[in-house]
Structure formats: C-alpha cells, structure tokens
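Overview (structure and organization)
Here is how the chains run, residue by residue.
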Amino acid sequence: MTTWRESLQERVGNGREIHFDSGRFIRENITKSWIQTLWLIILTYLTIAYTISQFRSLPFTTGFVTLVWLVTVGLTIYNELTRSHNPMTLWLKNNLYSSITNTLLSLLLVLGIIAAVWAFIDYAFVRASFSRIPEEAQAILAQFQTPGANWGAVLDNMRNLMVFRYPREQTWRLWFVLVYVGVLLAGSTFVYSQERFRRHWLRQVLTGFWLITPLLTFGLLVGVVPVPGETIALLINLLIVLAGLVVLFFLSRLLLSRFPSLIMSFVVTVLWVAALILSVYRLSNNLTTILNPDIAWGGLLLTLIIAVFAIVASFPLGVLLALGRRSQIRGVPAWLTYGAAAVLAAYYIYNNTLPAFARASSILQQLVALWPLLFLVIAYLFQKYFRGNVVALFCTIYIESIRGVPLITVLFMSIILFPILLPKGMEILSTWRVMVAAALFAAAYLAENVRGGLQAIPKGQYEAADAIGLNTFQKYRLIILPQAIRTVIPAIVGQFIGLFKDTTLIAIVGLVELLGVANLISAQTDWLGVRREPYIFLMIIYFTGSWVMASSSRRLEKRLGVGER
Amino acid sequence: MATTNATNTNTLTRAEEVISCSEVHKWYGDFHALRGISLTVKKGEVIVILGPSGSGKSTFIRCINRLEEHQQGEIVVEGTTLNYDVRNIAEIRREVGMVFQQFNLFPHLTVLDNVTLAPIHVRKWTRDHAEERAMHWLTRVGIPEQANKYPGQLSGGQQQRVAIARTLTMEPNILLFDEPTSALDPEMIKEVLDVMRDLATEGYTILAVTHEMGFARTVADRIIFMDAGQIVEENTPENFFTNPNNERTKLFLNQILHH
C-alpha cells in the first residue's frame, strides 16, 4: 500500500525521485534558534506588507514581479527536490534563493528598486515641467498634487551653468576649443591605443599637439593678442626667445654628455624651467588679453579648467616629491649641520636671549627666551632622521604639512596669504591662485601614492637596471617609474576623481564654478526657491565625469597589462 | 693563502689582468663581510667561486660592478679603478655583465625590449642594429621564438636565458654570474649550464658563484673557495676536488660531495 506521500511523489515527480526531508528542513532553516524563527516571521510580515502596499501604488508592475518571483521560486524548489537543475534555476538557487531570508529579500529588494526608480522617473519626467518660461512652468506644476521637477530652472540657465559670465560675442572661442580638443582626443584614442603606432611619427605629432594644448587653449579662451603697436616688438622678442631656447637645447645636450650625473640633470632641468618662465615673462610684456579670467571663467568651464590644471600639474610634481622623499643622496655632513646650528644659536642667544633674560619677570619668560637652543635640537633631529638629506627633509615637510590641513584651508591661504608674500605691485588673479593651490595640494597626496608604488618594486629591478649600465635618470624613466605607476593607477585615478569633485570648494572662496552657479539659480527672481533641480543636474554631471575617468582608467590598465604581466 | 702570482705570471703582461682586487674589505655596519680579498683575474679565465652561505661570495661579486660599495682596498677593472666617481662606475658597468639568481627581467617590457634596452640607451645603437644583435643572441641561447612575449609568460630556464642574452647583447668583456641556476629546477639547469659552457669556451672572462660542482669541475680554470669573508683556497679544479690543501675545504667537500 503506497502512502499518500509516495503517491504524491510519483505523480508530481513524473517518475523522478523527490528527496525531501521536511522535518529536517524545518528544523535547520526555520526553528534552529528562536532568533531565526523571529527573524523569519518579521521578514515574512514585512515582505507581505510591502508587497501589498506596492500593489496599491503600482499594481501591474508589482503583480508581474510577484508572479515571476512565485513561479521562479516554485521552479527552483521543484528542481532542487528532484535534483535536476537547468542553468537558470541553478543560478537562482546559488545567488538569489539560497536561503529563505535571501528569497524574501530578493523580492523585497526588487520591489524596492522598482519603487525608487519609478519614484524618480515620476518626479523627474511624469510630473515635471520642461518649460523655460517661469509662468508656464508654474502652471504645469500646479496641475499635480505633488509637483515634480522644475527643469526650466536648469534649462533656462544652461549657459550660466556651463560658462557663467563668458561674453556672448566671444562664444565662438569656446566652440573652437571644444572642437579642437574633441578632434585631438578622438585621434589620440585611436593612435595611442594601437601597437603599430608605437613609434610612428603620427603619434609624436599628436604628443606635440597635446604639449602645446595648455598654452593654446589658454590663449584662445582669454583672447591673447599683441598689444596694439607692439607687434614688431613681439616678433623680435619671439625670435630672441626661440634662439635662446635653441641655444639652451644644444648647451644642455653638451653638458649632459660631458658630465652625466644626477646633479647635472637637476641643473639642466632648473635651467629649462627658468628659461621657460623667463620666455613667458618676456613675451607677456608684449601680449595682452581681451578677457579677464577672473570674470570670464565660471561654471563648468571654470571647474574643468581648475580640475584639468590641478590634475596635470600635480602629477609630475607628485612623482618628483615621492622620488625626493625616498632619495638616498649623501646629505649635509654632521659637522656642517651642527656648526651652522651652533652659530645661529650663539648669534640669537647673544642678541635676543641675554637682553630678554635681563627683562624677564618670570620663569616662563626666561624659558621662552631660550628658544635659540631649538636650533641645536633641530640639527640633531635632522641628522638623526634624515642623515642630513636636505631633499628628503624638504619633501617630507611639504608632504606632511599639506596632508595635515584641509583643502579649504589651503585655498583660503592661497587667496589671502599669497598677496602678502608677493613683491609689491605684483598681482596674481584669484583663478591662478586657486589653480596653483589645488595642484600643490593634490601633489602631496599623489606623492604618497607613488611612493607606495615605488616601495612595491623589488630591489632586483634597481640592481638589474644598474648592472646593465643605465644611469639614474634612465633607470627611473624606463624601468622603475613605469612599473611603479602602473601599480598605483587605481589610487592615482581615485585621487583625480576626488580632485575633480573637490573643485566645488572653490565656491566658498568666491569664484563661481559649477556649484556656485547652482546656488545662484535659486536666488534668481524667475526661479526663486528652486534648489533641488540644479543639484540633481550637478549630480549627473559629476557622476558622468567620474564614470568617464574610472572607465578610462580601467581601459588603460587593461591595455598596459596591469596585474597580468 | 695561495696567490695567483705563484703560477706562471712571468710570461703574462699586466695588460692581461682584467680584474685585480687587493685587500678588499667591506663592512655591513659592524659585520665584517669581506676580510681582505685579493684576487687577480686574467683575460679569458673562468673562475668559479665556491663556499658556504654567508661566506661573502655574492658580496664580493657585487662589489665588482659596484652594486655594493667596498670600504677599503682597491678594485681595478680593465684599468679603471672602482671608486665614487660616477663615470668610472658607468664605464665599468658597460663592460661587465651580470646575471642574477632571480633573473630580474623587466616585466613590463617584451623579451626583445628587455634585451635591446641597454644597447639602445647605453651604447646608443640604432634600434635596428640593436634588434638584429638581440635576435642573434636570443637564437644563440635557443629561444628566438619568444622575442615578442613578456617575461611572465616564460618558464624559469627561458627567463634566465633571456637574462643571459640581455647581458651578452651589450658585448661585455667580463661576465659575472650570481648563482644563476639556484632558482631553477634540474631540467632547466642543464639548459642554462650549456649556454654558460659555450660562453666559457668562447673566451669570455667569467666569474661565477654557483653550487654546480659538475660545471665547476669541467669548465673552470680556477676554483676559489671562500669562507667567512676570506679566500681560503685557490686551486685548479683537479687539485681542488681530489687534493685540497686546506682543512676547511676538505670539510666543505665532504659535506657536498656525498649527496
């Protein structure tokens, strides 16, 4: 006599055996501990309650999802019992329905996600107004019980958000720069990513174009023109500068071949930097700008300019700081350090301490007057921890002090302190100060990332590079830095993404970039009080920018074979 | 301590001595790693340095191309004194090639780039010339087909042979081997030793630190036994293995020849 269980098994199982010990299942998955039972009761109640409430607001979707869930759960259970999974139910069993909790949570989460997405679509599209006329927008929104988004605020102010106060008659400059950078970018993506172009002249031409792009875009955006009446002077100065650079080129080649050493490379680099600064200074006397960057640059334009400058400028600086911090060069000898400290201490003791002692009225004042002894303490610490290595000392102090203050502090200092430090009469625009401050800030963080990468290179690489005869510069350029930077690409790109978004802090120091414009929109009479929509737009822009950077970095890593070679 | 001058140096001129070290001392902090090493190597000689671990063999070899600095004594390589002068060091490193125990290939470059890197940047050859010479040496060591692969895709023996090709493409006069086969399994050891044997017969001056006794016995012109930072014994291979002079050497040979 077959039991009802066996006959059920036969009928349902279609001949396949069902292995199910219901007692054991309940014992292990439901009543194992009272916490588990309690949790499952709560979860089941929440799921049912949420499903019913969602059913009221979105009947079709909820019904569909619940139906699909029920069917797939049933199928998975059936397949599990008969031990014959197809790929879909196997995946479901392993990923979504692996336990009772997970099964219920799957339904809950899918419904939750659908609710969130629908709420957003509802707010942003269904109940929203896309009109750019304030009155019309009000009329449209008044139709709904809960008004949606007022996109008119963003659409009407699109030009403000993008370029803020850039003069309308000069807009062609923006389009020119955009097209130029776009074409260059498209060409580079094609040429740089292919192996067969590795040493092609086309690639070198493109690299040349990228090198002049900063100056070119700056010149285009602010309209650099010769001062009227000084065109001839400009041409003469240009010739002088070019001749000087050519002479410097051959001179540096001569010096480096005669005295190949790290000191000479350093001297030559300093000479080149000085020469370039002098050239710019000399030429700038004959050039003038049509537009003032402080006024003309705003909105997304300013964000991009500051972010790109900070990213591009901080990278070489950060690498140099990292190398400097790790340098092993012979330092200042001990006798020189202590000697200089002793001389300074003696001088200040004679000049400051002794008179202060005479005037002192308390122990505290006497102790404070002994400050010149700190020179000796500093000398001792310098010798002990840096072995007299000035480069490492400077790099460490720079990195640690910049990392110790927030970006906003650095920005404020740059805006306020800079003018005090400059010689009288010399003015630097806020835009430049902020750009330089952001670059210097990022360089400190980047230096630590690169230093981590340098530490990851095995010592054998340095030795092999030495053994085959490469000098220090070649060793770092060809062997060490390529490997080190490949290793820390994720950290560096993360740093850049953070920097891109940190440009929003500049709104606090007075420059009006993207966030600044977004804040101003709600103060306009047309769009008074409309705050949410500009921020949503900002969110989209920053997300897109970050996404583009992150995916480019993934592609770059793949092409460089990071983690594979 | 047997000095090389005991053998028939009367007929050899000073110009034939490619490496001469006299009373070389090196300290690592307080640890006295090299205690007065004096050695002369003639052109074309194959010298194998044996010794227990910690005896200073690798340290001594690495002093010759300035991967380590010696504090006392003099090292002269092909007429150039080894000191703090960067130009001297660069000159010596151009003529002295080194093969490491851990291969130390550059993982981000292809095999061909690994081999042509130094000739292009140090000897200033054109890319075509460097590649032609590189392919010649890669063929000589037996792996021309691996030229466009990355080191990570090669086996240990192949990597070590690429390292040897990288050294040879620079056309050095002196080759230093720092336990080249210690990181390889027995089958690959033979590949590398065959290459080293060929190089020895072609007239390169070779200083090898190795534990391969068979290689030492058959290929070496002189065997140097070091212990605790000093040269304990210098001898020809036959005499060294059959009739060593020093007690310490006998102890060492007893230990190793009974595997």
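What you see is a predicted model, and the numbers here were worked out from it, not measured in a lab. (Residues numbered from 1 in each chain as written. Chains lettered and ligands numbered in written order. Predicted model: local features only at pLDDT ≥ 70, side-chain atom pairs only at ≥ 80, totals over all residues. Heavy atoms only, no water.)

So, the overall build of chain B
As a reminder, the rule being used: For the purposes of this entry, the term helix denotes a DSSP run of H or I that reaches at least four residues, the term strand denotes a run of E that reaches at least two, and both are numbered from the N terminus. Note that the radius of gyration is over C-alpha atoms, with the globule rule given as 2.2 Å times the number of residues to the power 0.38. Any residue under 20% of the maximum accessible area for its type is buried, any over 50% is exposed, and the rest in between are partly exposed; the area is computed with a 1.4 Å probe on protein chains only. Residue contacts are counted whenever heavy atoms from the two residues lie within 4.5 Å of one another. Only four residue types enter the charge count: Lys and Arg as positive, Asp and Glu as negative, with His and the chain ends excluded. Where a charge sits is defined by one atom per residue type, namely NZ (Lys), CZ (Arg), CG (Asp) or CD (Glu).
A count of helical and extended segments in chain B gives nine helices and ten strands. Its C-alpha atoms give chain B a radius of gyration of 18 Å, within 12% of the compact-globule value 18 Å for 259 residues. Seen through its principal axes, chain B has C-alpha atoms that stretch 50 × 45 × 40 Å. Residues classed as buried in chain B amount to 58% of the 259 residues present. Look at the contacts in chain B between residues 6 or more apart in sequence, and 65% of them connect residues 24 or more apart. Across chain B, the mean location of the 25 positive side-chain charges is 2 Å away from that of the 33 negative side-chain charges.

Comments concerning the pattern of salt bridges
Basically, it comes down to this: Salt bridge criterion: a side-chain nitrogen from Lys or Arg within 4 Å of a carboxyl oxygen from Asp or Glu.
Going through the model one piece at a time under the given rule, you end up with 26 salt bridges over all chains. Its salt-bridge partner being R62(B), residue E463(A) comes within 2.7 Å of it at the nearest N-O pair. In this pair, E463(A) sits in helix 22 (residues 459-467) while R62(B) sits in helix 1 (residues 57-64), so the two residues belong to two different chains. Per residue, the accessibility class of E463(A) equals that of R62(B), and both read buried.

What to know about the nonpolar core
Definition in use: In this text, buried Ala, Val, Leu, Ile, Met, Phe, Trp, Tyr and Cys residues form a nonpolar core when linked through side-chain atoms within 4.5 Å.
Counting residues in hydrophobic clusters, the biggest one holds 95 residues, and the most contacted among them are Y166(A), W297(A), I49(B), F60(B) and L207(B). Of all the elements, helix 21 (residues 430-455) of chain A adds the most residues to this core, at twelve residues. Counting residues in each nonpolar core, the second largest holds 47 residues, with V141(B), I189(B), A200(B) and A216(B) among its members.

Re the sheet that holds strand 9 (residues 222-227) of chain B
Residue and element names in this part refer to chain B. The criterion, for reference: Only strands that DSSP links by at least two bridges are regarded as paired with each other. In this analysis an axis means a line fitted to C-alpha atoms, helices contributing only their contacting stretch, and an angle means the value between N-to-C directions, from 0 to 180 degrees.
Read across the open sheet, the six strands follow the order 6-7-8-3-9-10; overall the sheet is mixed. The sheet is open, and its two edges are formed by strand 6 (96-99) and strand 10 (230-235), each paired on a single side. Between one strand axis and the next, the sheet turns through 20° on average, direction left out of account. Pairing geometry for strand 6 and strand 7 (residues 174-178), over four bridges, is parallel. By the bridge assignment, V96 is partnered in strand 7 with I174.

Notes on the packing of helix 3 (residues 111-121) of chain B against helix 4 (residues 127-140) of chain B
Residue and element names in this part refer to chain B. Put simply, the test is: In this scheme, roughly parallel covers angles under 35 degrees and roughly antiparallel covers those over 145, while 65 to 115 is roughly perpendicular and the rest are oblique. A crossing counts as left-handed when the near helix is turned anticlockwise from the far one by less than a right angle, and as right-handed when that turn is clockwise. Nonpolar residues are Ala, Val, Leu, Ile, Met, Phe, Trp, Tyr, Cys and Pro. Charged residues are Asp, Glu, Lys and Arg, and all others, Gly as well, are polar.
In the contact formed by helix 3 and helix 4, the axes pass within 9 Å of each other and the chain directions differ by 125°. The angle between helix 3 and helix 4 places the two elements in the oblique class. Every pair of crossing elements has a handedness; the one defined by helix 3 and helix 4 is right-handed. Here helix 3 contributes V111, L112, D113, V115, T116, P119 and I120 to the contact with helix 4, which in turn contributes R127, A130, E131, A134, M135 and L138. Residues that form the contact of helix 3 with helix 4 fall into these classes: nine nonpolar, one polar and three charged.

Some thoughts on the pairing of strand 2 (residues 31-42) of chain B
Residue and element names in this part refer to chain B. Within strand 2, nine of the twelve residues are buried, which leaves the element mostly enclosed by the surrounding structure. Where strand 1 (residues 17-28) lies against strand 2, nine bridges are found, and the strand directions are antiparallel. Among the inter-strand pairings, I19 is bridged to a residue of strand 2, identified as V41. Remark: two residues form the turn of the hairpin made by strand 1 and strand 2, two consecutive strands paired antiparallel; G29 in that turn has positive phi of roughly 65°.

Concerning empty space enclosed by the protein
Selection rule: Using a grid of 1 Å spacing that covers the protein atoms alone, one calls a set of points a cavity when a 1.4 Å probe fits there but cannot get out, and a pocket when the set is open and has protein on both sides within 12 Å along at least five of seven lines; lining residues are those with an atom within 4 Å of a point. Grid points are joined across faces, edges and corners, and a volume is the space filled by probe spheres set on the points.
Applying the stated criterion across every chain, the model contains two cavities of 30 Å³ or more. Of the volumes computed, that of the largest cavity is approximately 70 Å³. Taken together, A467(A), I468(A), R93(B), R94(B), V96(B), G97(B), M98(B), R166(B), T167(B), M170(B) and P172(B) form the lining of the largest cavity. Listing elements by their share of the lining of the largest cavity, those giving two or more residues are helix 2 (86-95), strand 6 and helix 5 (156-169) of chain B. Residue composition of the lining of the largest cavity, grouped by class: six nonpolar, two polar and three charged. Space inside the second largest cavity adds up to approximately 30 Å³. Taken together, the elements giving at least two residues each to the lining of the second largest cavity come down to helix 20 (407-421) and helix 24 (489-502) of chain A. When its residues are assigned to classes, the lining of the second largest cavity shows five nonpolar, one polar and one charged.

Comments concerning the pairing of strand 9 of chain B
All names here are of chain B. Burial analysis of strand 9 places six of its six residues in the buried class, which makes it a mostly covered element. Side chains of strand 9 alternate between two faces, with R222, I224 and M226 and I223, F225 and D227 buried alike. The sheet contact formed by strand 3 (residues 46-50) and strand 9 spans four bridges and is parallel. In the strand pairing of strand 9, I47 is matched with R222. Note: strand 9 against strand 10, five bridges, orientation antiparallel. Its bridge partner being in strand 10, D227 is matched across the sheet by Q230.

Here's the deal with the packing of helix 15 (residues 299-325) of chain A against helix 24 of chain A
Residue and element names in this part refer to chain A. Between helix 15 and helix 24, the shortest axis-to-axis distance is 9 Å and the interhelical angle comes to 150°. Viewed along their axes, helix 15 and helix 24 adopt a mutual orientation that is roughly antiparallel. The handedness of the crossing between helix 15 and helix 24 comes out as right-handed. Mapping the contact onto sequence places T303, L304, A307, A310, I311, S314 and F315 in helix 15 and I492, F496, L499 and F500 in helix 24. Considered class by class, the residues forming the contact of helix 15 with helix 24 number nine nonpolar, two polar and no charged.

Some words on the interface of chain B and chain A
So the rule is basically this: Two parts lose some accessible area (1.4 Å probe) when they are put together, and adding that loss for both gives the buried area. Under the rule applied, a polar contact is a pair of N or O atoms within 3.5 Å (in protein, one hydrogen donor and one hydrogen acceptor; residues adjacent in sequence only if both atoms are side-chain atoms).
Contacts between chain B and chain A engage 24 residues on the former and 23 residues on the latter. In total, chain B and chain A occlude about 2,100 Å² of area from one another, counting both sides; carbon and sulfur atoms represent 59% of this. For the interface between chain B and chain A, the tally reads two salt bridges. Measuring nitrogen to oxygen at the nearest pair gives 3.8 Å for the salt bridge that ties R93(B) to D466(A). Summed over the shared surface of chain B and chain A, the number is six residue pairs in polar contact (both at pLDDT 80 or more). Those elements that place two or more of their residues in the side of chain B that touches chain A are helix 2, strand 6 and helix 3 of chain B. Residue contributions to the side of chain B that touches chain A peak at four residues, all from helix 3 of chain B. Taken together, the residues that form the side of chain B that touches chain A break down as 13 nonpolar, four polar and seven charged.

Thoughts on the environment of I468(A)
Looking at the element boundaries, I468(A) is found in the loop between helix 22 and helix 23 (472-487). Since its relative accessible area comes to 9%, I468(A) is described here as buried. Residues in contact with I468(A), not counting those within four places in the same chain, are F106(B), L117(B), A118(B), V122(B), R166(B) and M170(B).

Considerations on helix 20 of chain A
All names here are of chain A. Basically, it comes down to this: To estimate how far a helix should reach, multiply one less than its number of residues by 1.5 Å. Working definition for bend: take the seven residues up to and ending at a residue and the seven starting at it, fit an axis to each, and measure the angle between the axes.
Under the 1.5 Å per step criterion, the end-to-end length of helix 20 is 20 Å for 15 residues, consistent within 8% with the ideal 21 Å. The sharpest bend along helix 20 comes to roughly 35°, located at I415, with the proline P419 sitting one to four residues further on. For helix 20, every residue scored as buried is listed here: L407, V410, L411, S414 and I415. Summarising the contacts, the buried residues of helix 20 are in contact with helix 21 and helix 24.

A word on the side chain of E513(A)
Residues and elements named next belong to chain A. The topology assignment puts E513 in the loop between helix 24 and helix 25 (514-521). Here E513 is buried and forms no salt bridge, its nearest opposite-charge partner K501 lying at an N-O distance of 13 Å. Sequence-distant contacts of E513, that is, excluding residues within four places in its chain, are made with G299, L302, T303, T503, T504, I506, A507 and Y542.

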